[in-house]
Each structure stands twice: as structure tokens, then as C-alpha cells.
Amino acid sequence: MALTSVLIALRALAANRIRSFLTMLGIIIGVFAVVVLVSVGEGVENYVVNVFQLAGTNNLWVVPGALDDEGVVGELTVADARAIENPFNVSGVKAVAPENRAGRIVTRGGESLEVEVVGIWPEHQTTANWFVTEGSFITDRDIDERSRVAIIGTGTAKTLFEADEYPIGSFIKVDNRSFEVIGIMKELSGGVFGDFNDTVFLPFTTMQDRIARRKTVSGEYLAGIIIVHMHESDMLDQAQVEIEELLRDRHRITFNEDDDFSVINQQDVLSVFGGITAALTIFLGLVSAISLLVGGIGIMNIMLVSVTERTREIGLRKAVGARRGTILTQFIMEALTLAVLGGLIGVGLAGLGIMVVNNSLAGLDVGLGADAVLLGVGFCAAVGAAFGIYPAWRASRLNPIQALRHE
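All of the points below concern the structure found in this document. (Residues numbered from 1 in each chain as written. Predicted model: local features only at pLDDT ≥ 70, side-chain atom pairs only at ≥ 80, totals over all residues. Heavy atoms only, no water.)

## Digging into helix α7 (residues 204-212)
One turn of the α-helix equals 3.6 residues, which is why residues spaced by three or four share an orientation.
Item 1. Most of α7 sits inside the fold, with eight of its nine residues counted as buried.
Item 2. Those residues of α7 lying buried are F204, T205, T206, M207, Q208, D209, I211 and A212.
Item 3. Of the residues trailing α7, R213 is marked for its positive phi of about 55°. (Buried < 20%, exposed > 50% of the residue type's maximum accessible area, 1.4 Å probe, protein only. Helix = DSSP H or I, 4+ residues; strand = E, 2+ residues; numbered from the N terminus.)

## Some remarks on a nonpolar patch on the surface
Item 1. Together, I18, F21, L22, L25 and I29 line one region of the surface with nonpolar side chains, adding up to about 490 Å² of accessible area.
Item 2. Looking at the secondary structure, you find F21 in helix α2 (residues 17-54). (Patch = residues over 30% accessible without salt bridge, like charges linked within 9 Å, V, L, I, M, F, W, Y side chains within 5 Å. Areas by Shrake-Rupley, 256 points an atom, 1.4 Å probe, with all protein chains shown as cover. Salt bridge = Lys/Arg side-chain N within 4 Å of Asp/Glu carboxyl O.)

## Comments concerning the nonpolar core
Item 1. Membership of the largest hydrophobic core comes to 25 residues, with the highest contact counts inside it found for I27, V31, L292, I299 and M303.
Item 2. Of all elements in the fold, only α2, α9 (266-309), α11 (324-360) and α12 (370-396) reach the threshold of two or more residues within this core.
Item 3. Sort the elements by how many residues they give to this core and α11 lands first, with nine residues.
Item 4. For I27, the residues in contact, after removing those within four places along its chain, are L292, G295, G296, I299, A339, G342, G343, C380 and V383.
Item 5. Core analysis: the second largest hydrophobic core is formed by 21 residues, L60, I84, I243 and I253 among them. (Core = buried A, V, L, I, M, F, W, Y, C linked by side-chain atoms within 4.5 Å. Contact = heavy atoms within 4.5 Å.)

## A look at the pairing of strand β8 (residues 177-185)
Item 1. Bridging between strand β5 (residues 132-135) and β8 involves three bridges; their strand directions are antiparallel. Each bridged residue has a counterpart across the sheet, and for G135 the counterpart in β8 is G183.
Item 2. Note that strand β6 (residues 149-152) and β8 share four bridges and pair parallel. Counted as the bridge partner of V149 is E180 from β8. (Pairing = 2+ DSSP bridges.)

## Quick look at the pattern of salt bridges
Side-chain pairs of opposite charge can arise where the charged atoms are in close proximity.
Item 1. Tallied over the full model, the rule gives nine salt bridges.
Item 2. The closest approach of N and O atoms between R82 and E85, which form a salt bridge, is 3.3 Å. Taken as a pair, R82 and E85 lie in helix α3 (residues 78-85) at a separation of three residues, close to a single helical turn.
Item 3. With relative accessibility at 31%, the residue E85 sits in the partly exposed group.
Item 4. In this structure, D175 engages R104 in a salt bridge whose closest nitrogen and oxygen atoms are separated by 2.8 Å. On the criterion of sequence distance, the pair formed by D175 in the loop between β7 (171-174) and β8 and R104 in strand β3 (residues 93-108) is long-range, its members being 71 residues apart.
Item 5. Classification of R104 by relative accessible area gives partly exposed; the value is 22%.
Item 6. In this structure, a network of salt bridges that share partners links the residues R146, D209 and K215.

## Digging into unusual backbone geometry
Item 1. One non-glycine residue with positive phi stands out, namely R146, at about 50°.
Item 2. Looking at where R146 falls in the secondary structure, it is placed in the loop between α5 (140-145) and β6.
Item 3. Judged by its relative accessible area of 33%, R146 is partly exposed.
Item 4. In this structure, R252 takes a positive phi of about 55° despite not being glycine.
Item 5. Topologically, R252 is positioned in the loop between α8 (236-250) and β12 (261-265).

As C-alpha cells, this is what we get:
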């Protein structure tokens with residue numbers, strides 16, 4: 001019975017192909033927009049999660065100054081990092097890595113490049129998931145001896161070296177000081193605090209003594225950020241409290257004074273970003289759903305026209321015994337078929353649109369999610385049924401005698 005109703009509906013729609021297509025156009029556009037925007041929203045959410053995973057999981061980031069509107073200025077030192085690393089002060093810490101950054105010009109031969117120079121420790125392999133693809137990483141000996149060695153990012157390597165050159169063992173200059181290249185950092189596709197491919201990595205002590213020269217009045221090394229890596233993610237909240245208490249004590253901050261530092265909890269930031277992207281996805285989905293409602297109104301309009309045009313047909317069917325329920329079902333099925341066909345075409349176009357998005361935006365992996373497809377097609381079916389009921393009801397209520405007399 002259902003298949004017969006669908007076939008009848010298809011024949012009725014095929015009788016007016018252009019009109020049927022124009023009616024479906026609103027549904028097609030609406031489904032296309034809903035599926036693409038919801039899928040892109042999910043892709044952005046996954047991208048944010050991946051960015052934080054690239055920066056290291058189970059992490060806390062301690063930065064100088066307050067992040068609120070007060071703008072309290074403060075300083076962090078390597079001594080602060082060592083205090084955090086002490087298990088008697090903060091429990092559950094696996095590794096701590098302070099770092100510093102400074103913009104500099106790096107040269108080799110006739111090539112030059114403006115890069116970010118980052119002072120790092122061996123612990124960055126644990127805290128930031130930074131590893132070399134060629135050569136070796138910074139060692140404790142490099143730190144102790146303030147060695148003039150460097151690891152270069154993939155972008156820096158491509159700019160300063162020819163494709164057939166092997167950078168390891170070569171020398172580059174940072175601020176006209178020579179450094180031996182000992183490694184090439186694996187490609188980093190973005191992170192919480194920036195892109196590190198056009199970068200030169202130096203031992204932290206070398207960076208501080210030879211490049212940045214950032215120290216306190218008492219001669220302590222300053223740190224631009226301290227990365228704290230925990231053994232388990234469920235230790236983050238407790239560690240954050242302990243770090244805040246420790247640093248307030250070390251910085252002699254009284255109970256009525258604001259912190260001159262900020263501790264960023266990875267899970268909290270992920271939750272905030274997740275909430276923002278989820279809300280944005282819902283908002284965009286609702287906005288694009290307006291097109292579906294407009295398409296539904298178009299379906300109702302065309303079905304009312306169809307009822308008027310086929311009044312004699314309805315009267316004839318009733319005269320030979322067709323019941324009200326049969327007429328009602330026929331017109332509802334026509335509206336449903338119109339809506340679902342438009343929805344399927346919209347999903348197909350959305351698949352092509354998502355391919356274009358993936359090819360245009362590097363690093364953003366958008367998939368045609370089943371939930372987005374079901375949402376689009378399901379909403380179409382609901383719209384078709386909702387806006388097809390009234391025309392179907394009018395058709396089923398026609399008096400057969402008056403319908404047969406209709407011109």
C-alpha cells in the first residue's frame with residue numbers, strides 16, 4: 001500500500017516536473033545548509049580537540065600576569081618551575097618545562113627568515129609532544145653547557161636549505177651567532193600557543209644567555225610560560241589549586257591581592273571551546289532550518305494548487321468508492337515524497353560542498369556525519385508531513401458531487 005502511494009505520488013509530481021523542482025528548491029537549499037553547517041561545526045570542534053592534543057594531553061599552562069580585565073603584570077621564573085616540579089609541593093606532576101620565545105632573524109648564506117626562537121628543555125618531548133624526525137633532541141648536557149646547537153622547524157628547513165641538502169651538521173646564524181643544526185622538528189600542524197614550523201629551537205639556557213637575555217634583578221632566568229604535565233587527567237584540578245597556592249606563597253601575594261600569574265587548565269579550556277562550538281553549531285543549524293520552513297510553506301502552497309487543479313479527479317475517485325483516508329494518504333504521500341526527494345538531493349550537494357571545504361581549509365577534517373544527514377532528511381520528512389496535512393485534509397473533505405461539477 002505504501003509503495004503504491006509513493007508510485008502514485010511520483011507520477012503526480014512527474015506530470016509537473018519544473019513546478020515540482022522549483023518547489024523542492026527551498027528544501028534542497030535548506031538541507032544543504034543544515035548538513036554542511038552542522039558538519040563543519042563538528043569538524044571545528046574536533047579540530048580544537050586535536051590542537052590541544054598536539055600541545056600535549058594532561059597539561060596545565062602557567063603564564064605570567066592575570067588573564068582577566070585587571071591586567072595584573074607578573075613574572076615567572078625557572079625557580080617557580082622547579083618548585084612546581086617538587087612532589088612535596090604539587091602532587092601527580094610527571095614533567096615540567098619552562099620556555100621562552102623571541103622573534104629573531106635567522107640566516108644561512110644568502111637566505112634569511114624571520115622566525116620565532118624558542119628556548120626549550122629535554123622535557124618538552126613529554127610536555128609538548130615535540131620530537132625530531134632527523135638528528136637529535138636537546139639534552140641535559142646542552143642545557144648545562146649552554147651549547148650553541150639548534151633544532152629547526154620544517155618551514156625553516158625548507159627556506160634555508162635546498163631540497164637535496166641535509167641540514168644536520170650545518171650551521172645557521174641567529175642574531176649573527178652561529179649555531180649547529182642537530183635536529184629537524186617533526187611537522188607541527190598548529191598548537192594552542194601558535195604554529196611552530198617556522199621556528200628555531202635552542203637549549204633554554206643558551207636562549208637566555210645568548211639571545212633573549214631575560215633575567216630578574218637577582219639573576220634568575222625568566223620564563224614566558226611553564227608547561228606542567230600530569231600523570232593523569234583527573235589530577236589536573238587538584239594540581240591547579242596546589243600550583244596557585246604555591247605561587248601565591250612564592251610571589252608573596254596576600255589574601256586580598258590578585259594573582260600575578262594564571263593557571264590554564266586544559267580540560268576547562270576544552271570544555272569552554274566545546275561549549276562555544278556546540279552552541280555555534282546549533283545556532284547555524286537553526287538559522288539554516290529557516291530555509292526548510294520556507295520550503296515547507298512552498299510545499300503547502302503547491303499542494304493546495306494541486307488540490308484545486310485535481311478537484312474533478314478527487315471527485316471521480318470518491319464517486320467510485322475511494323474513502324477519505326485514501327485521499328488523505330495520497331496527498332500526504334505526495335508532500336512527503338516532494339520533501340524527502342528534495343532532502344536527498346540536498347544531502348548529495350552537501351557531500352560535494354564538504355569536499356570543497358576539506359580541499360580549501362587545510363587541517364580541518366569535515367565529515368558527512370550520519371547525525372547531520374538524519375537531521376536534515378528527518379526534518380524534511382517532518383516538514384513535508386506537517387505542511388502537507390492541510391492540503392490533504394481539504395482534498396479528503398471535498399464533496400464528490402460538487403467536485404465532479406468543478407470546471
